[in-house]
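Examination of the molecular architecture
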Amino acid sequence: MQFHLNEEQSLLQESLRRFLDNEYGFEYRQSIRRTSPQGLRQNWRVFAENGWLAVALPESVGGFGGSIVETLIIAHEFGRVLVIEPYIGCAVLGAQTLLASGDKGKIETFLPEVAQGRLRIALAYDEPGLRGLPGPAEMKAKSTVNGYLLNGKKLLVIGAVDADKFIVSTRLEDSGRTGLFLVDADTPDLERIDLPLHDGTVAQELVFKDVHISQTAMIGNPDIGLQILRSGYNQGVLAICASMIGAMERAIEITSEYLRTRQQFGQPISSFQVLQHRMADMATEMELARSMLFSAMAAVSSGNTAHADQSVSFAKSLIGRSAKFVCGQAIQLHGGIGMTEEYVIGHYFKYAMVANALLGSSSRHDEACAAQLEHQCLEDCLDQEQVR
Amino acid sequence: MHFEVDPKLDAFRKEVRDFLQANLPSDLIGIPRVGRSPPYAQSRWQKILHAHGWGAPYWSKEHGGNGWTVQQQLIFDEECVAAGAPTQDVFAHKLLGPVLNEFGNEEQKKEHIGPILRGERQWCQGFSEPGAGSDLASLRTKAERVGSHYIVNGQKIWTSTAHHADWIFLLVRTEQAVKKQAGISFLLVDMKTAGVTVRPIVSIDDCHHLNEVFFDNVKVPVENLIGTEGDGWKITKFLLNNEHASTAHLPTIKLYVNKLIALAKKLHAPNGLLCNQTDFMLSMVRIQAEVQAIEFMVQRVALLEQAHDPQAHVLGSMLKIKATELQQRITELLFDALGDYGPVRYPSPDQGLHPDINLPMQGLARGLVNEMFFRRASTIYGGTNEIQRGIIARLLFHF
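Definitions and cut-offs
Residues numbered from 1 in each chain as written. Chains lettered and ligands numbered in written order. Predicted model: local features only at pLDDT ≥ 70, side-chain atom pairs only at ≥ 80, totals over all residues. Helix = DSSP H or I, 4+ residues; strand = E, 2+ residues; numbered from the N terminus. Rg over C-alpha atoms; globule rule 2.2 N^0.38 Å. Buried ≥ 20, exposed ≤ 12 C-beta atoms within 10 Å, placed from the backbone. Contact = placed C-beta atoms within 7 Å. Axes fitted to C-alpha atoms, helices over the stretch in contact; angles between N-to-C directions. Parallel < 35°, antiparallel > 145°, perpendicular 65-115°, else oblique. Left-handed = near helix turned anticlockwise from the far one by under 90°. Nonpolar A, V, L, I, M, F, W, Y, C, P; charged D, E, K, R; others polar. Expected span 1.5 Å × (residues − 1). Bend = angle between axes of the 7 residues up to and from the residue. pLDDT = per-residue confidence, 0-100. Domains from an automatic or database assignment. Core = buried A, V, L, I, M, F, W, Y, C linked by C-beta atoms within 7 Å. Pairing = 2+ DSSP bridges.

Assigned secondary structure in chain B consists of twelve helices and ten strands. Relative to a compact globule of 399 residues, whose C-alpha radius of gyration would be 21 Å, chain B shows 22 Å and is just as compact. If one aligns the C-alpha atoms of chain B with their principal axes, the spans along those axes are about 75 × 55 × 50 Å. Relative to its 399 residues, chain B shows a buried fraction of 43%. Sequence separation of 24 or more characterises 72% of the internal contacts of chain B that already satisfy a separation of 6 or more.

Residues and elements named next belong to chain A. In the contact formed by helix H1 (residues 7-23) and helix H4 (residues 68-80), the axes pass within 10 Å of each other and the chain directions differ by 25°. With respect to H4, the axis of H1 lies roughly parallel. Read as a crossing pair, H1 and H4 show a hand that is right-handed. On H4, the residues that touch Gln-9, Leu-12, Gln-13, Leu-16, Arg-17 and Leu-20 of H1 are Val-69, Glu-70, Ile-73, Ile-74 and Glu-77. Within the contact of H1 with H4, the residues separate by chemical class into six nonpolar, two polar and three charged.

Take helix H6 (residues 104-116) of chain A next. Helical geometry note: an α-helix holds 3.6 residues per turn, so side chains three or four residues apart project in the same direction. All names here are of chain A. Given a rise of 1.5 Å per residue, 13 residues ought to cover 18 Å, and the 18 Å separating the end C-alpha atoms of H6 matches this to within 8%. Approximately 30° is the largest bend angle found in H6, and it occurs at Phe-110, with the proline Pro-112 only one to four residues beyond. Taken together, the buried positions of H6 are Ile-107, Phe-110, Leu-111, Val-114 and Ala-115. Here the buried face of H6 lies against helix H5 (87-101) and strand E1 (121-124). Backbone geometry just after H6 places Gly-117 at a positive phi near 80°.

For chain B, the average pLDDT comes to 94, and 98% of its residues sit at 70 or higher. In the predicted assembly, ipTM is 0.96 and pTM is 0.96.

This part is about the interface of chain A and chain B. Contacts between the two partners involve 39 residues from chain A, matched on the other side by 39 residues from chain B. For the side of chain A that touches chain B, the elements supplying multiple residues, two or more each, are helix H8 (273-302), helix H9 (305-334) and helix H11 (362-387) of chain A. It is H8 of chain A that contributes the most residues to the side of chain A that touches chain B, 16 residues altogether.

Let us look at the domain arrangement of chain A. Interface size, as often reported, equals the accessible area lost upon joining of the parts. Residues and elements named next belong to chain A. Considered domain by domain, chain A is made up of domain 1 (7-117), domain 2 (123-222) and domain 3 (226-387). Taking the mean C-alpha position of each, domain 1 and domain 2 sit 23 Å from one another. Contact residues are listed per partner, giving 16 residues for domain 1 and 15 residues for domain 2. Broken down by element, the residue count for the side of domain 1 that touches domain 2 peaks at eight residues, all from H5.

Time to look at the environment of Val-344 of chain A. Residues and elements named next belong to chain A. Locating Val-344 in the fold gives a position in the loop between H9 and helix H10 (345-357). With 263 residues separating them along the chain, Val-344 and Val-81 place their C-alpha atoms 9.9 Å apart. In contact with Val-344, not counting residues within four places along its chain, are Phe-26 and Ile-254.

Residues and elements named next belong to chain A. Ranked by internal contacts, the top residues of the largest apolar core, which has 183 residues, are Ala-122, Leu-238, Met-248, Met-292 and Leu-293. In terms of residue count, the dominant contributor to this core is helix H7 (residues 225-261) (17 residues). Every residue in contact with Leu-293, bar those within four places of it in the chain, is listed here: Leu-238, Cys-241, Ala-242, Ile-245, Ala-315 and Ile-319.

All names here are of chain B. Two numbers describe how helix H1 (residues 7-23) lies on helix H3 (residues 70-83): the axes approach to 10 Å, and their chain directions differ by 35°. Crossing of H1 against H3: the hand is right-handed. Across the interface between the two elements, Leu-9, Phe-12, Arg-13, Val-16, Arg-17 and Leu-20 of H1 pack against Gln-71, Gln-72, Ile-75, Phe-76, Glu-79, Cys-80 and Ala-83 of H3. Counted by class, the contact of H1 with H3 contains eight nonpolar, two polar and three charged residues.

Checked against the element boundaries, Ile-391 of chain B lands in helix H12 (residues 385-397). The spacing of Ile-391 of chain B and Ala-365 of chain B is 26 residues in sequence and 38 Å in space, taken between C-alpha atoms.

On to unusual backbone geometry. All names here are of chain B. Of note in this structure, Thr-161 is not a glycine but carries a positive phi near 60°. Structurally, Thr-161 can be placed in the loop between strand E3 (149-157) and strand E4 (167-173). By C-beta crowding, Thr-161 is classed as buried, having 23 other C-beta atoms within 10 Å. The backbone phi angle of Asn-271 is positive, close to 60°, even though this residue is not glycine. Structurally, the position occupied by Asn-271 is in the loop between strand E9 (268-269) and strand E10 (272-273).

Before going further, it helps to examine the pairing of strand E7 (residues 202-214) of chain A. Regular strands place side chains that alternate from one sheet face to the opposite one. All names here are of chain A. Two elements, strand E3 (residues 147-158) and E7, share nine bridges in a ladder whose sense is antiparallel. Across the sheet, Lys-154 pairs through a bridge with Leu-206, a residue of E7. With seven bridges joining them, strand E6 (residues 190-196) and E7 adopt antiparallel strand pairing. Note that in E7 the partner of Arg-192 across the bridge is Leu-206.

Printed below as a string of structure tokens:
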């Protein structure tokens with residue numbers, strides 16, 4: 001195990017930071033946010049030209065054969081400056097789910113396009129009863145003579161506004177298994193409702209009313225549909241976690257600068273112990289969050305799926321809470337200026353609140369883990385009784 | 001960055017496990033620890049380790065240790081705790097030992113290293129004083145040079161295991177310097193010397209680990225000075241910065257978690273067992289998540305320490321804060337889990353096992369709540385968590 005970046009990984013990080021420092025200042029972010037809340041096509045092209053959309057894809061589809069580590073380096077740097085473009089929505093969740101499906105034909109057809117930035121795939125898995133965590137879908141897929149009829153709703157699809165295709169999770173009506181379909185965004189009768197989010201981005205709710213799709217739209221084996229979904233989703237969750245850590249890092253930097261310059265009672269407020277300790281707590285919280293992320297990355301890399309799923313939930317829960325604390329305190333330490341829409345720091349808090357809620361909130365993940373642990377405990381009790 | 005586990009570490013873990021299975025005597029397993037195992041158990045276990053060539057798990061090869069990496073040391077600790085082995089004398093192994101190896105002269109090493117390795121000499125640490133806690137450098141215990149001796153006068157407090165220790169390493173003032181850090185020296189004192197008095201302090205966990213130690217014209221040979229006069233502060237900084245990764249007491253945290261899960265499966269609650277209680281289980285998983293995060297924080301600190309990277313200090317202080325606060329939360333949840341038996345004051349682990357005392361639930365509950373009370377000390381000892389925050393603010397933000 002090694003936690004520092006190797007040479008190639010450092011180069012990737014440096015190239016990202018150089019671009020973002022030079023081209024993606026706060027004013028610029030706010031200006032594109034107003035004109036194009038889903039980000040700019042030209043930026044997406046820059047991401048593609050730099051290989052950032054391709055690093056974690058296999059070489060066979062024009063990627064660089066990187067791993068989750070490279071994905072998270074990018075997400076982390078994007079988080080630092082609150083990038084608007086839907087990297088996680090369109091380059092991680094969708095792409096990694098398609099990759100996990102093992103569907104060779106579709107992978108070879110579409111992932112090279114994703115790597116080149118010419119195609120965006122978003123993941124539509126969330127439903128009213130799921131509250132952000134993948135599970136058996138209620139959305140029905142009824143087989144017809146030449147395909148399927150989809151009926152149901154998908155909530156809070158990030159990156160959907162600019163997506164060309166959606167991966168949609170369904171319950172196959174005949175077998176009850178989880179069918180994943182690759183659906184064109186402009187499919188007739190598919191209603192897409194824009195949902196502006198507090199972090200300045202736009203998600204969509206998708207409403208399927210007798211939407212007809214072809215037989216060939218299915219990806220992967222529905223026997224393991226839920227596992228495929230969870231595998232792609234896990235990558236997205238860790239990316240959003242890395243992004244929250246990037247946001248915490250930058251919020252702490254901005255706040256420490258502010259404390260050094262802001263004068264009250266005739267001295268810089270950084271000289272006050274109560275504020276020093278608060279900053280220490282914020283930094284400590286961030287490093288605990290980073291350690292949590294490393295542990296979840298290790299779990300996902302280990303190939304033990306139960307351990308991976310649990311660790312990813314642990315990470316989303318703990319890091320979400322950390323980000324809310326750190327970014328909330330960043331406002332507090334700024335005082336009144338922290339409340340203004342015009343100033344940067346409040347946007348880190350908005351980002352933290354939204355990121356915590358996306359892909360299942362802290363409390364949602366806690367509930368899922370608690371239910372799992374209860375189940376395990378009861379099973380152990382049963383086993384013991386049987387031994388007796 | 002990569003997350004493959006080094007197969008050598010897995011092999012090492014197996015080696016430690018096999019060794020413990022073969023060499024840890026059954027009558028030494030699971031002896032109640034009051035912070036540390038009783039002296040006889042520590043001593044016997046130390047002899048066994050030494051005979052196997054593992055007498056100094058934390059020292060480098062050149063100093064007669066095993067030359068294990070920090071990660072190997074952590075594995076060793078974890079396996080020992082999991083197997084229920086007695087503690088080693090941490091004062092000798094983790095604090096004084098490295099100081100002797102770094103600053104001691106040949107005679108001093110010859111005098112003390114052997115007895116430590118053979119389990120014949122146990123140590124305690126004389127740092128804090130009634131007027132010198134967080135502000136350690138304001139200590140007043142005085143050592144005056146008279147001929148070939150120092151005459152020591154003063155008082156130390158919060159001295160863990162002083163009532164069992166054979167020797168004490170002391171910070172004393174040898175000079176009234178302008179800068180208070182400048183006049184401090186590092187002295188080794190035989191506890192049997194005339195004028196040394198130990199008085200017990202019973203702590204809120206119903207146990208006796210702490211003491212006051214009084215020095216009344218205690219004659220200490222000048223050969224017992226480590227380094228030169230005035231080196232005390234430098235040596236102390238070395239000693240305190242020596243190891244950060246193990247301050248989390250991760251193996252103990254894991255024992256607490258296992259205990260909680262055992263209680264959850266066993267204790268009754270409305271409509272079933274404790275593990276059916278949503279609120280309790282939510283607390284459990286939040287703790288599990290944090291334990292997992294801390295486990296990796298320990299690994300990060302260990303790798304930084306191994307590389308002698310100064311960042312180990314900042315991350316070490318953060319780890320200390322997070323791990324000790326977690327110890328408190330977990331043990332409070334243990335109290336909570338016991339329900340109606342939480343408030344019951346069972347005989348203290350200090351009192352050994354009395355066959356005639358037989359309170360209900362004793363087997364499951366005894367000792368747990370003592371841990372909860374004891375853990376209030378975690379955020380105070382080893383540099384209070386407030387001192388740690390000050391260190392972080394200074395090293396990280398240069399405030």
